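Geometric and topological summary
Chain by chain, the residues:
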Amino acid sequence: MNAKQKKELLRIAVCLAAFLVLLITDKCIDGGLAGAAGGKYGWLLPFGLFLSVYLAIGYDVLWRALRGVLRGQMLDENFLMCIATLGAFALAIYTGVTTGHPEGFDEACAVLLFYQVGEFFQDYATGRSRRSISELMDIRPDSAHVLRCGETVTVEPSEVAVGERIAVNPGEKVPLDGVVVKGSSSLDTRALTGESLPREVTEGDRVVSGSVNVTSRLEISVEKAFYDSTVSKILDLVEHAASQKSKAENFITKFARWYTPMVVTAAILLAVIPGAVTGDWMDWVYRALSFLVVSCPCTLVISVPLSFFAGIGAASAAGVLVKGSNYLEKFDKADIFVFDKTGTLTKGNFAVVKVTPERDRERILALAASAERDSSHPIARSIAAAYGGTPKEGYVLTNIAGEGISANKEGSEVLVGNEKLMRRHLIDFLPEEGAGTVVYVAENGKFLGSLLVADEPRPESRDVVASLNAMGCRTVMLTGDNERIAKSVAADAGVTEYKASLLPQDKVAEVERALSSKKPNDVLCFVGDGINDAPVLMRSDIGIAMGGVGSDAAIEASDIVLMRDDLKGIPVAKRIARKTMRVVYENIWFSLIVKVAILILSAVGLAGMWLAVFGDVGVAVIAILNAMRVNSKRRQERAI
Amino acid sequence: MKKTFPLEDLDCANCAAKMEHAISKIDGVNEVSVSFLMQRMTIDADDDRFDDILKEAVKKCRRIEPDCKIKL
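Residues numbered from 1 in each chain as written. Chains lettered and ligands numbered in written order. Predicted model: local features only at pLDDT ≥ 70, side-chain atom pairs only at ≥ 80, totals over all residues. Heavy atoms only, no water.

With that out of the way, let us pick up the overall build of chain A. Scanning chain A from terminus to terminus reveals 23 helices and 22 strands. Taking 640 residues into account, the globule formula puts the C-alpha radius of gyration at 26 Å, and chain A, at 34 Å, lies well above it. Projected onto the principal axes, the alpha-carbon positions of chain A cover approximately 120 × 65 × 40 Å. For chain A, the residues scored as buried account for 53% of the 640 residues in total. (Helix = DSSP H or I, 4+ residues; strand = E, 2+ residues; numbered from the N terminus. Rg over C-alpha atoms; globule rule 2.2 N^0.38 Å. Buried < 20%, exposed > 50% of the residue type's maximum accessible area, 1.4 Å probe, protein only.)

Right, here's the structure in full:
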């Protein structure tokens, strides 16, 4: 609670106490306060007392209302509240003058008092959830210590250039992305990834900005300027998350634009028509004033985005960044999950597990490594790692998409690739039967041997796919691997469908086909590791990228980023999305039903202003509490 | 050009919605989003008239919610 809120709370408490004392005295004394004062002008005593409480609690509302009217904002909530309460005062004065026993001073006062209680509560609740996001914002580094000409200079992170050396002391945030050049330490990346185990880093390791240095001093060579660094990207993303509005939010704002004028019109009609017909002006004006009490749509307008906000907050606490409430809304309906195999269902850390024939190991590896020299594909990297030496220079490399590479040097041709490549060049090869990716190597049309490269499945793949299947989702695996590997990995992970032997461009086509053949209500998610699947991530209804930290392309192209390199974020986020949407609809329906019920009851004269204000404020409080439930501590623990 | 501005003392969710609606009506504004929860306004408008549009937006905000200030 900030100072402003504390002051406000004190004001409400004092006014409430004063009001209760007045109310009890008024009810206990025979004939009320007016009777105690006696005489024709006895009503002036309760009027004066209640009016002072009224002014103490509502002077700001009155002031804002007046200012609003002067600026032409007639349907401002402050104005409507003032009309309702001042109207009630007027009615009370009228009864006081005519009967000597005024009725309704207490009511007018109470309405404004409870209105302020509701406002206070809303302010407090939104402040709290705002803070939960600010905690995430806490990753913003304030300064960087740059080593320039043998001296340490402390500057703004944005003033540090790429290639400069910075020092990070224990307890400080890493301000910019870079590589450790001196020292070793452990880093706390919880704010970024939700991962609670610290990460050990040493010389040569890459560090991302926003993580906190825990144990000892590090010197880092800066690789990215501040606006390009992970921390800026994430902050940008979080700040924009709230600007992507969901359908539910848009519906509510549109509804609010119509709701207030409609209720006000209804109130005027209710006061004028039956009043003129029956002649009982008092009663009908009173009923119309009750209408105005419930005319503010603020509850709805606030509770829906608040729920989404809480949902996004809960997801980010679990290491899942959702880029906007529209994605959270859509993700709840997600029922087709398309997974990329490599790096997503499997770890993507390929290793050469077998070379056939073993006696030619060195030669085969050397040729394959030379041919795959320029490729950043994980398989190529695994071959380079297995070879260990420096690849031979001088080859002219030609990439044949989906088949392999042909490397030419001084009239000799080396072919490195899959069986398609071998068949096309009519090479008589010995098929390798092991499960994994097979790379065949041939030189000048003669088959030399093969490499078997295998990939490990992620330990959590099976559970994640199983829980998605249990939620009634279709799970599809796409892979460039052949049928045999695809089948074994698919069976291992438990996906319901798989498509094998796809070229990179086929994946886009496959997702396009799935998008066009799905029912309008289906939502297709593509889960990839962000490496070369950006087009598919963008094209699908919801793109989910793995291992967001350090991968800019993934952060930019996807709608949901799994900050931790762990698929378990998907079912967690799905449960959070489901919970959020349930709360959103509960809030919408609950508020609408209660408001309509109050309107009907006050129209027929069954509900007074008391009930109207209780209903209005009560609904606000319940809806806000409900929204906060999405982000409650207990629920997060259960989700993780 | 797309820019984000912090808002100060934006106290009412409905006002935020009203502000958003009013600013979106300004000629030259492609997209605007006023987030009550983040206390931020993101505005996407024509480059060459951006400053005028912003001035107009500030004026409209002041009319709807005089307490709220756009920090330029």
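We are not done yet, so read on.
Attention now goes to the overall build of chain B. The helix and strand tally for chain B stands at 2 helices and 4 strands. What you see in chain B, going N to C, is helices and strands ordered as β-α-β-β-α-β. Relative to its length of 72 residues, chain B is compact, with a C-alpha radius of gyration of 11 Å against a globular reference of 11 Å. Expressed along its principal axes, the backbone C-alpha trace of chain B runs to roughly 30 × 20 × 20 Å. With 72 residues in all, chain B has 54% of them scored as buried. By element, 44% of the accessible surface of chain B is carried by carbon and sulfur atoms, the whole surface being about 3,500 Å². Separation of charge centres in chain B, based on 13 positive and 15 negative side chains, amounts to 3 Å. (Areas by Shrake-Rupley, 256 points an atom, 1.4 Å probe, with all protein chains shown as cover. Lys, Arg positive; Asp, Glu negative; His and termini not counted. Charge placed at Lys NZ, Arg CZ, Asp CG, Glu CD.)

With that out of the way, let us pick up the pattern of salt bridges. Residues and elements named next belong to chain A. Considering all chains together, one arrives at 31 salt bridges over all chains under this definition. Put simply, Lys507 and Asp340 hold a salt bridge, and the shortest N to O gap is 2.9 Å. Placement of the pair is Lys507 in helix α18 (residues 504-517) and Asp340 in strand β11 (residues 334-340), with a sequence separation of 167 residues. Taken as a pair, Lys507 and Asp340 share a single burial class, namely buried. In this structure, Glu358 and Arg361 form a salt bridge, with 3.6 Å as the shortest nitrogen-oxygen distance. Looking at Glu358, the relative accessible area reads 47%, which means it is partly exposed. Here the salt bridges do not stand alone but share partners, grouping Arg165, Lys182, Arg217 and Glu219 into one network. (Salt bridge = Lys/Arg side-chain N within 4 Å of Asp/Glu carboxyl O.)

Quick look at the environment of A:Ala369 now. All names here are of chain A. Locating Ala369 in the fold gives a position in helix α13 (residues 361-371). We classify Ala369 as buried; its relative accessible area is 3%. It is 93 Å that separates the C-alpha atoms of Ala369 and Ala92, two residues lying 277 residues apart in sequence.

Turning next to the sheet that holds strand β18 (residues 474-478) of chain A. All names here are of chain A. In space, the 7 strands of this open sheet follow the order β10-β22-β21-β20-β11-β18-β19, with mixed pairing throughout. Looking at the sheet topology across the chains shown, the edges are occupied by β10 (320-322) and β19 (497-499). Adjacent strand axes in the sheet meet at a mean angle of 20 degrees when their direction is disregarded. In this sheet, β19 lies alongside β18 in parallel orientation, the contact comprising 3 bridges. Note on β19: the bridge partner recorded for Val476 is Glu497. Lying on the sheet, helix α21 (residues 569-603) is in contact with β10, β11, β20 (523-528), β21 (542-545) and β22 (560-562); it crosses β11 at an angle near 165 degrees. (Pairing = 2+ DSSP bridges. Axes fitted to C-alpha atoms, helices over the stretch in contact; angles between N-to-C directions. Contact = heavy atoms within 4.5 Å.)

Attention now moves to helix α16 (residues 461-470) of chain A. Residues and elements named next belong to chain A. All of the buried residues along α16 are Ser461, Val464, Val465 and Leu468. Considered in projection along α16, the buried side chains sweep an arc of 95 degrees and stay on one side of the axis. Facing away from the buried side of α16, by more than 90 degrees, are the exposed residues Asp463 and Ala470. Looking at the buried positions of α16, the neighbouring elements they touch are β11, α12 (341-345), β18, α17 (483-493) and α21. Two residues or fewer past α16, Gly472 is found with a positive phi of approximately 85 degrees. (Arc of directions from axis to C-beta.)

Here we take up the sheet that holds strand β5 (residues 185-188) of chain A. Residues and elements named next belong to chain A. One open sheet holds the 3 strands; their spatial order is β6-β5-β8, and the pairing between them is antiparallel. Every other strand in the sheet has two partners, leaving β6 (199-201) and β8 (212-213) as the edge strands with one partner each. Sheet topology places β5 next to β6; 3 bridges connect them, and they run antiparallel. The partner of Leu187 across the bridge, within β6, is Arg199.

Attention now goes to the interface of chain B and chain A. Counting residues at the interface gives 24 residues for chain B, matched by 29 residues for chain A. For the pair chain B and chain A, the two sides together bury roughly 2,200 Å², of which 53% comes from carbon and sulfur. For the interface between chain B and chain A, the tally reads 2 salt bridges. Measuring nitrogen to oxygen at the nearest pair gives 3.2 Å for the salt bridge that ties A:Arg67 to B:Asp67. Taken together, the links from chain B to chain A amount to 4 residue pairs in polar contact (both at pLDDT 80 or more). Among the elements of the structure, α1 (13-24), β2 (29-35), β3 (40-45) and α2 (50-64) of chain B are those that each provide at least two residues to the side of chain B that touches chain A. At 6 residues, α1(B) tops the list of elements feeding residues into the side of chain B that touches chain A. Looking at the side of chain B that touches chain A residue by residue, the classes come out as 9 nonpolar, 7 polar and 8 charged. (Buried area = accessible area lost by both parts, 1.4 Å probe. Polar contact = N/O pair within 3.5 Å; in protein donor to acceptor, adjacent residues only side chain to side chain. Nonpolar A, V, L, I, M, F, W, Y, C, P; charged D, E, K, R; others polar.)

Turning our eyes to something else, we now look at the domain arrangement of chain A. Looking at chain A, the domain boundaries give domain 1 (1-137), domain 2 (144-240), domain 3 (242-319 + 583-640), domain 4 (320-338 + 460-563) and domain 5 (351-454). Averaged C-alpha coordinates put domain 2 of chain A and domain 5 of chain A at centres separated by 39 Å. (Domains from an automatic or database assignment.)

What follows covers the pairing of strand β17 (residues 446-454) of chain A. Residue and element names in this part refer to chain A. Inspection of the sheet shows strand β12 (residues 351-356) paired to β17 by 5 bridges, in the antiparallel sense. Looking across to β17, one finds that Thr356 is bridged to Ser450. Judged from the 7 bridges that link them, strand β16 (residues 437-443) and β17 form a sheet pairing that is antiparallel. Within β17, the position partnered with Val438 by the bridge is Leu452.

Right, let's talk about the nonpolar core for a bit. One finds A:Phe331, A:Phe337, A:Ile544, A:Ile570, B:Met41 and B:Ile43 to be the most contacted residues of the largest nonpolar core, which totals 86 residues. Ranked by the residues each element gives to this core, the list is headed by helix α10 (residues 298-317) of chain A, at 11 residues. Here this core spans two domains, since at least three of its residues come from each of domain 3 (242-319 + 583-640) and domain 4 (320-338 + 460-563) of chain A. The contacts of A:Ile570, once residues within four sequence positions are left out, are A:Phe331, A:Phe337, A:Phe339, A:Leu468, A:Val527, A:Ile544 and A:Leu562. Counting residues in hydrophobic clusters, the runner-up holds 53 residues, among them A:Ala108, A:Ala267, A:Ala288 and A:Ile598. (Core = buried A, V, L, I, M, F, W, Y, C linked by side-chain atoms within 4.5 Å.)

Attention now moves to the confidence of the model for chain B. Per-residue pLDDT for chain B has a mean of 84; in total, 100% of the residues score no lower than 70. Reported confidence for the predicted complex is 0.79 by ipTM and 0.76 by pTM. (pLDDT = per-residue confidence, 0-100.)

We now examine helix α9 (residues 281-293) of chain A. End to end, α9(A) covers 19 Å across 13 residues, agreeing with the expected 18 Å (1.5 Å per residue, within 8%). Listing the buried residues of α9(A) in full gives A:Trp284, A:Arg287, A:Ala288, A:Leu289, A:Ser290, A:Phe291, A:Leu292 and A:Val293. (Expected span 1.5 Å × (residues − 1).)

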